[in-house]
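Summary of the model geometry
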Amino acid sequence: MGTYLSLDLDFFNAAGEGDRPTFLRLVDEHLDRVAKFVKRRGVPCVAVMNHQQMLRFVDDSGCDTLLNVDTHSDLAEADVTEFSCGTWVSYVSWRKKGRYVWHHGYTAYRGDCSGNVNLFRPRPRFERGQLSGWNDVIHRRSIKMPALTNNITSIGVCLSPSYVDYAKETGDMLRDWVKKHNIRYVKGRLDEHFAFTRTPPK
């Protein structure tokens with residue numbers, strides 16, 4: 001099968017530590033790494049403005065692992081009914097047989113999107129899976145982006161303008177990147193505080 005790498009550019013907020021030059025340099029360096037990997041491996045890649053726009057690409061990827069490199073978990077409890085940038089992972093069509101890996105720079109508590117359920121407090125992995133509707137759910141904390149390994153077969157990059165540091169500069173950088181490397185880009189909303197009523201697929 002394979003791994004879908006979802007890279008939210010707000011992941012670099014933690015390593016950038018609020019310093020504009022450091023943050024923009026990290027984004028630039030890692031976008032360059034992704035572009036070189038995409039070209040070398042010939043894997044499909046898409047860029048989106050809002051994270052929930054990535055769902056259809058994840059669903060169609062043929063992958064069985066979702067690696068979400070992100071400040072936020074974007075995962076809620078299994079019976080969630082509000083589809084948003086903070087719950088989209090709960091709607092992945094193959095989640096019941098799949099593995100979800102959240103790779104975050106800040107503490108899990110700071111980025112856990114599951115509300116009162118607190119999926120990422122210390123608990124057995126099987127319990128986290130049962131509560132979320134995924135077959136397996138793990139997380140790891142590191143300010144370093146994980147390696148681009150050969151099991152990655154599809155990639156999505158997300159701007160998250162309501163959450164990424166230096167949103168205007170970062171957005172300009174992402175749009176220049178997609179043009180330079182001929183990456184598909186899905187436009188979206190600058191204000192991401194919206195949701196739609198929707199039930200996850202069975």
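Side-chain alternation along strand 2 (residues 45-48) places C45 and A47 on one buried face and V46 and V48 on a second face that is also buried. Both strand 2 and strand 7 (residues 152-158) contribute to a ladder of 4 bridges, which runs parallel. Within the sheet, the bridge partner assigned to C45 lies in strand 7 and is I155. Two strands pair when backbone bridges link them, and strand 2 and strand 8 (residues 184-186) are joined in this way by 3 bridges, in the parallel orientation. Bridging from a neighbouring strand, V48 pairs with V186 of strand 8.

Those residues of helix 5 (residues 125-132) that fall on the buried side of the exposure criterion are R128, G129 and S132. End-on, the buried residues of helix 5 take up no more than an arc of 100°, which puts them together on one face. Exposed and facing more than 90 degrees away from the buried side of helix 5 are F126 and Q130. On its buried face, helix 5 sits against strand 6 (136-141).

It is worth spelling out the side chain of S114 at this point. Within the secondary structure layout, S114 lies in the loop between helix 4 (108-111) and helix 5. Side chain to side chain, S114 and D112 meet in a polar contact 2.6 Å long. If we skip the residues at most four places from it in the chain, S114 touches L75, A76, E77 and L119.

What counts as what
Residues numbered from 1 in each chain as written. Predicted model: local features only at pLDDT ≥ 70, side-chain atom pairs only at ≥ 80, totals over all residues. Heavy atoms only, no water. Buried < 20%, exposed > 50% of the residue type's maximum accessible area, 1.4 Å probe, protein only. Helix = DSSP H or I, 4+ residues; strand = E, 2+ residues; numbered from the N terminus. Pairing = 2+ DSSP bridges. Arc of directions from axis to C-beta. Contact = heavy atoms within 4.5 Å. Polar contact = N/O pair within 3.5 Å; in protein donor to acceptor, adjacent residues only side chain to side chain.

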